[in-house]
Amino acid sequence: MADEKIKSPKIQATEQMKQLITEYYIDAKTTKLPEGSHKPICWITSGGPVEFLIAADVIPIYPENHGAMCGAARIAPGLAEVAEKMGFSRDLCSYARADIGGALTESGAIPGGLPKPDFLLCCNNICGTVVKWYEELARIFDVPMFLFDTPFIHVEKPEHATEYVRQQCLELVKFLEERTGSGFSLERFAEVAMLSVEAVDLWKGVLATAESRPSPFTCFDAFIHMAPIVTLRGTQKVVDYYKLLKKEMEDRVAQGVGAVHDEKYRLIWDNIPIWYEMRNLGNLFAENRACLVADTYTTAWAVDIRIEDPLTSMADAYTKVYLNISIDIMLEQLVELMERYEADGLVMHSNRSCKPYSLGQYDLSRAVAERTGKPSLIIEADMTDSRVYSEAQTRERVEAFIESL
Amino acid sequence: MASALETLMELRDDPYSRARAWKERTGGSVVGFFCCYAPEELLHAAGALPVRVTGENRTVSKAGAHLQSYCCSLARTALDMALTGDLDFLDGTVFVHTCDTMQRLSDIWRLNAGYPFHVDFALPVRFEGKLAAEYTRAELGLVRSKLAHALGQFDDDAIRESIRVYNRNRALLTELYDLRRADPGIMPCDQAVWVVASAALMDKAEHNEILEEILSDLRGASGRSDRIRLFGVGSVMDQWEFLGMLEDLGGTFADDDFCTGHRYFEGDVSEEGDPLDALTGRLMERGQCACKHTPDRERSARIVQRARACGARGAIFFQFKFCEPHGFDYPAIKKALDEAGFATLELEMEQGSVSIEQLRTRVEALLETIRG
Ligand code: SF4
Ligand code: SF4
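Residues numbered from 1 in each chain as written. Chains lettered and ligands numbered in written order. Predicted model: local features only at pLDDT ≥ 70, side-chain atom pairs only at ≥ 80, totals over all residues. Heavy atoms only, no water.

Asker: Would you take a moment to explain the pattern of salt bridges for this structure?
Answerer: Any two side chains of opposite charge can pair if their charged atoms end up close together. Inspection of every chain in the model, using the stated rule, returns 69 salt bridges over all chains. Note that A:Lys320 is salt-bridged to A:Asp316, the shortest N-O span being 2.9 Å. Salt-bridge contacts for B:Glu348 lead to B:Lys321; the nearest nitrogen and oxygen are separated by 3.9 Å. Taken together, the positions of B:Glu348 in strand S8 (residues 343-349) and B:Lys321 in the loop between strand S7 (314-320) and helix H14 (324-339) put the pair 27 residues apart, joining distant regions of the chain. Given a relative accessible area of 36%, B:Glu348 falls into the partly exposed group. Connected through salt bridges with shared partners, the residues A:Lys132, A:Glu135, B:Asp178, B:Arg181, B:Asp255, B:Asp257, B:Arg263, B:Arg299, B:Arg306 and B:Asp329 form a single ionic network. (Salt bridge = Lys/Arg side-chain N within 4 Å of Asp/Glu carboxyl O. Helix = DSSP H or I, 4+ residues; strand = E, 2+ residues; numbered from the N terminus. Buried < 20%, exposed > 50% of the residue type's maximum accessible area, 1.4 Å probe, protein only.)

Right, here's the structure in full:
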């Protein structure tokens, strides 16, 4: 097999992205204001309303993003063991275990570990696990925690749920004013929200270029390039970055450059990446001429905010995210994704760390087959805990699946 | 004639027999629920019989096609019971928002179990403050209208009447626990915990009558127990063989924080004013579950205080394997108990594969440590 042929072309913007993220962490770790104080640091969940923090000039830190980095660097199991020794069961979410371990030992994927939080913002629109995890962080660091509580949507979202979340936006504003000691500017907030919308639109534009055949990138690329939209949306830098990335992808489409050599099969990925296996998996699919053109994970950051009424639309958008809706609503979105990207099948990562994402996949895979006639493959793994992963078995199953297409 | 307690103990071998008989006798609707935050009073007021489902010891046959093996056994075995037809007497189910697993189980249940109606009570997770209370009140109103739609209209007076029946039940169960705290020898803990669990499996008024009888026998009884008093921490406790073994080894739960135990009956509902306000009040104020966030009321402090109050010398954590909320709470609560001088033991189990022999050795070791 000629290795040269199957090598994917390198995405040029990757360097800028790396720089952006490195700068972000360096800034966060070295922020010092006069008189020995520092810019306040807030740890926030990946689905949290970061726009409020950016507007209040608070540095957001994402333990989940750091968890992914630790997973990719294959150091998550070691950190998790620290938490396990304290009594946290190995069956609990591995992001949480690694983060708790990292917090206690001041270590991780960035030197010295994450900068310590002054307070915590936990939004449970992704799971209930984060509530328990952040409660532990509040104990470890002895700092206040704000729970931004977004009621789960089973069939429909009642008016009082939106109102409950909208009112919490106002409480959050008060909370931030108390923490930062300065008034919250609604103009600044509208500005940030606008930048956030712009970045989200650009990100959606990037993802949409994968509708072309061949697709200019794979979801493995998207997993890497989503870092800025998760961590820094609401800033100009991120807008600039996604303009660049979008342009590069559009150029690829114009020139017919595909991420996978001689793309034959188009697949959709479901669930959080298997961070420590990304490269191997990427190669494995590429070798088999299969391109993972879209996924349910990176689209989760494509929330809509309306500038006319930012608070209500934010309350609405943050409550409706993919992991906060019932599986029949998920199914509609999944089918839409399959059709829009003309997918031949679905690859589901059954992630033992993440129950809200994984429980229901068996039903979803059957329902997708019924609705679209497309088959799915279910890979049993964990997003960062490689101790429960079998590479040989996965390889075998992926090859068999692609053969069956 | 069998005593009231004997009647109740027989039910343990066939927990749903009374619900089935009730349905046959009255022609009424039987509604399943999982969590002790379920609005039982509303179901009762609608003329239905609320029946609690908490899984059971079984090897799943059909649920494996819907729920991964890393899902807790409570969800897996309960779904299996539904899919194999063992809960065919149900007319509907009410799910309450608690943990991620329950939230997905609700979806899967709604799409596969095939009961005529399904209601989700999307409780907040934040259990403090005015906003959460207002939201809960609105959500209760929505649940009420959904129940009225499914089961027929019922008015405020009907809810008030149900609140009275339920308050009576809670008062009687509280008395039982008070008596046992004073003297755990009057009733072994496997029976006491079952007496509470059975309250959610039969008509409340009937349960009240049975309780009155049991209590009239117990008042003034003396057990002169020299058993080592322990405090139980966990969610659902349905391992009767384990509790029996604990008694045999010379230990007993003098009090607990199980949601099928003390947490089930804790806290009264006001009988004055708007009944939904009153129900909201109890939801927000009672002893909290690991699934709820109550920053100003740390669970561990409460547990330590209650363990002390019942004269416990140790605590046993009874954890469901794969349970996130309780798994996350464990280290902090254990630490608090350690610091307060209690010996602790964590037992992890899955319904259907509990090995009594293995548990015995560990419980023996705990009791040895306490005896010194
Ligand atoms: S991986 Fe899943 S369970 Fe863990 S924090 Fe993320 S959404 Fe929650
Ligand atoms: S709280 Fe724990 S035991 Fe109960 S359903 Fe959720 S995961 Fe299972």
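Asker: What is the right way to look at the packing of helix H1 (residues 4-11) of chain B against helix H9 (residues 204-218) of chain B in this model?
Answerer: Packed helices, taken two at a time, are described by the angle between their axes plus the distance between the axes. Residues and elements named next belong to chain B. In contact at an axis separation of 8 Å, H1 and H9 are set at 130° when each is read in the N-to-C sense. Taken together, the axes of H1 and H9 lie oblique to each other. On H9, the residues that touch Ala4, Leu5 and Leu8 of H1 are His207, Ile210, Glu213 and Ile214. Among the residues forming the contact of H1 with H9, the class breakdown is five nonpolar, one polar and one charged. (Axes fitted to C-alpha atoms, helices over the stretch in contact; angles between N-to-C directions. Parallel < 35°, antiparallel > 145°, perpendicular 65-115°, else oblique. Contact = heavy atoms within 4.5 Å. Nonpolar A, V, L, I, M, F, W, Y, C, P; charged D, E, K, R; others polar.)

Asker: For this particular structure, what's the right way to read the packing of helix H6 (residues 130-151) of chain B against helix H12 (residues 275-285) of chain B?
Answerer: Residues and elements named next belong to chain B. Direction vectors running N to C along H6 and H12 enclose 125°, while the axes themselves pass 9 Å from each other. Considered as vectors, H6 and H12 are oriented oblique to each other. At the point where H6 passes H12, the crossing takes the right-handed sense. In this structure, H6 uses Ala132, Ala133, Thr136, Arg137, Leu140, Gly141 and Arg144 to contact H12, whose residues at the interface are Leu276, Asp277, Leu279, Thr280, Leu283 and Met284. Across the contact of H6 with H12, the residue classes break down as seven nonpolar, three polar and three charged. (Left-handed = near helix turned anticlockwise from the far one by under 90°.)

Asker: So what exactly am I meant to see when it comes to unusual backbone geometry here?
Answerer: If a residue is not glycine, its phi is most likely negative; likewise, a peptide bond is most likely trans. Residue and element names in this part refer to chain A. Here the bond from Arg213 into Pro214 is cis, since omega is -5°, no more than 30 degrees from zero. Inspection of the secondary structure puts Pro214 in the loop between helix H9 (186-208) and helix H10 (219-225). Located in the positive-phi region is Arg74, a residue other than glycine, with phi close to 60°. Within the fold, Arg74 resides in the loop between helix H4 (63-72) and helix H5 (76-85).

Asker: What exactly am I supposed to notice about the pairing of strand S4 (residues 117-121) of chain B here?
Answerer: All names here are of chain B. In terms of residue burial, S4 counts as a mostly covered element, since four of its five residues are buried. Examined bridge by bridge, strand S3 (residues 92-96) and S4 share five bridges and lie parallel to one another. Pairing of Thr93 across the sheet is with His118, part of S4. Regarding the hand of the β-α-β motif, the stretch spanning S3, helix H5 (residues 100-112) and S4 is right-handed. (Pairing = 2+ DSSP bridges. Right-handed = clockwise from strand over helix to strand, strands pointing away.)

Asker: Please explain a negative patch on the surface as it appears in this structure.
Answerer: A surface patch of negative charge is lined by B:Glu6, B:Glu10, B:Asp13 and B:Asp14. Along the chain, B:Glu10 turns up in helix H1. (Patch = residues over 30% accessible without salt bridge, like charges linked within 9 Å, V, L, I, M, F, W, Y side chains within 5 Å. Areas by Shrake-Rupley, 256 points an atom, 1.4 Å probe, with all protein chains shown as cover. Lys, Arg positive; Asp, Glu negative; His and termini not counted. Charge placed at Lys NZ, Arg CZ, Asp CG, Glu CD.)

Asker: I tried to follow the site of ligand 1 on my own but got confused; where do I start?
Answerer: Residues and elements named next belong to chain A. In the vicinity of ligand 1, the contacting residues are Glu64, Cys93, Tyr95, Ile126, Cys127, Thr129, Val130, Trp133, Ile272, Ser353, Cys354 and Met383. The leading source of residues in the shell around ligand 1 is helix H7 (residues 129-141), at three residues. Grouping the amino acids of the shell around ligand 1 by side-chain chemistry returns nine nonpolar, two polar and one charged. (Near = heavy atom within 4 Å.)

Asker: Looking at this structure, how should I read the sheet that holds strand S6 (residues 251-256) of chain B?
Answerer: Each strand in a sheet pairs with another by means of backbone hydrogen bonds, the pair being arranged parallel or else antiparallel. Residue and element names in this part refer to chain B. Taking strand neighbours across the sheet as the criterion, the four strands line up as S6-S5-S7-S8 in an open arrangement whose pairing is parallel. Both edges of this open sheet fall to S6 and S8, since each of them pairs with a single strand only. Each strand axis lies, on average, 35° off the axis of its neighbour in the sheet, ignoring direction. With five bridges connecting them, strand S5 (residues 228-234) and S6 associate as parallel partners. Each residue of the ladder has a partner; that of Arg229, found in S6, is Thr252. Strands S5 and S6 of the sheet are contacted by helix H7 (residues 156-182), whose axis makes an angle of about 135° with S6. Sheet strands in contact with helix H10 (residues 240-248) are S5, S6, S7 and S8, and its direction is about 120° off that of S6.

Asker: In this structure, what is going on with the site of ligand 2? I would like to understand it.
Answerer: Taken together, B:Cys72, B:Cys99, B:Thr101, B:Met102, B:Phe320 and B:Cys323 make up the full set of residues adjacent to ligand 2. The residue makeup of the shell around ligand 2, split by class, is five nonpolar, one polar and no charged.

Asker: It is not clear to me how the sheet that holds strand S2 (residues 49-52) of chain B should be interpreted in this structure. Could you clarify?
Answerer: Residue and element names in this part refer to chain B. Spatially, S2-S1-S3-S4 is the arrangement adopted by the four strands of the open sheet, whose pairing is parallel. In this open sheet, the two edge strands, each paired with only one partner strand, are S2 and S4. On average, each strand axis in the sheet is inclined to that of its neighbour by 25°, with strand direction left out of account.

Asker: Explanation requested: the nonpolar core in the structure shown.
Answerer: Soluble globular proteins: nonpolar side chains tend toward being buried together. In terms of nonpolar packing, the biggest core is built from 273 residues, with B:Trp109 and B:Phe242 touching the most fellow members. Counting residues per element, this core draws most heavily on H9(A), which supplies eleven residues. With 15 residues, the next largest nonpolar core counts B:Ala307, B:Ala312, B:Phe317 and B:Ala336 among its residues. (Core = buried A, V, L, I, M, F, W, Y, C linked by side-chain atoms within 4.5 Å.)

Asker: What am I meant to see in the interface of chain B and chain A here?
Answerer: Interfaces are often sized by the accessible area lost when the parts come together. In this assembly, 45 residues from chain B lie in contact with 54 residues from chain A. Area buried by chain B at its contact with chain A is led by B:Tyr70, B:Arg104 and B:Phe328, which between them contribute 20% of it. The tally of links from chain B across to chain A stands at six salt bridges. Across the pair B:Arg110 and A:Asp328 runs a salt bridge, and its minimum N-O distance is 2.6 Å. Applying the counting rule to chain B against chain A returns 29 residue pairs in polar contact (both at pLDDT 80 or more). Among the secondary structure elements, those contributing two or more residues to the side of chain B that touches chain A are H5, H6 and H14 of chain B. It is H5(B) that provides the largest number of residues to the side of chain B that touches chain A, a total of ten residues. (Buried area = accessible area lost by both parts, 1.4 Å probe. Polar contact = N/O pair within 3.5 Å; in protein donor to acceptor, adjacent residues only side chain to side chain.)

Asker: How should helix H17 (residues 361-372) of chain A be read in this particular structure?
Answerer: Every α-helical turn comprises 3.6 residues, leaving residues that sit three or four positions apart pointing alike. In a regular helix each residue adds 1.5 Å, so twelve residues correspond to 16 Å; H17(A) covers 16 Å between its end C-alpha atoms and thus fits that length. Within the sequence span of H17(A), burial applies to A:Gln361, A:Tyr362, A:Asp363, A:Leu364, A:Ser365, A:Ala367 and A:Val368. Buried residues in H17(A) make contact with strand S5 (265-270), helix H15 (327-340), strand S7 (345-351), helix H16 (355-358) and strand S8 (376-381) of chain A together with H5 of chain B. Phi for A:Gly373, located one or two positions after H17(A), is positive at around 75°. (Expected span 1.5 Å × (residues − 1).)

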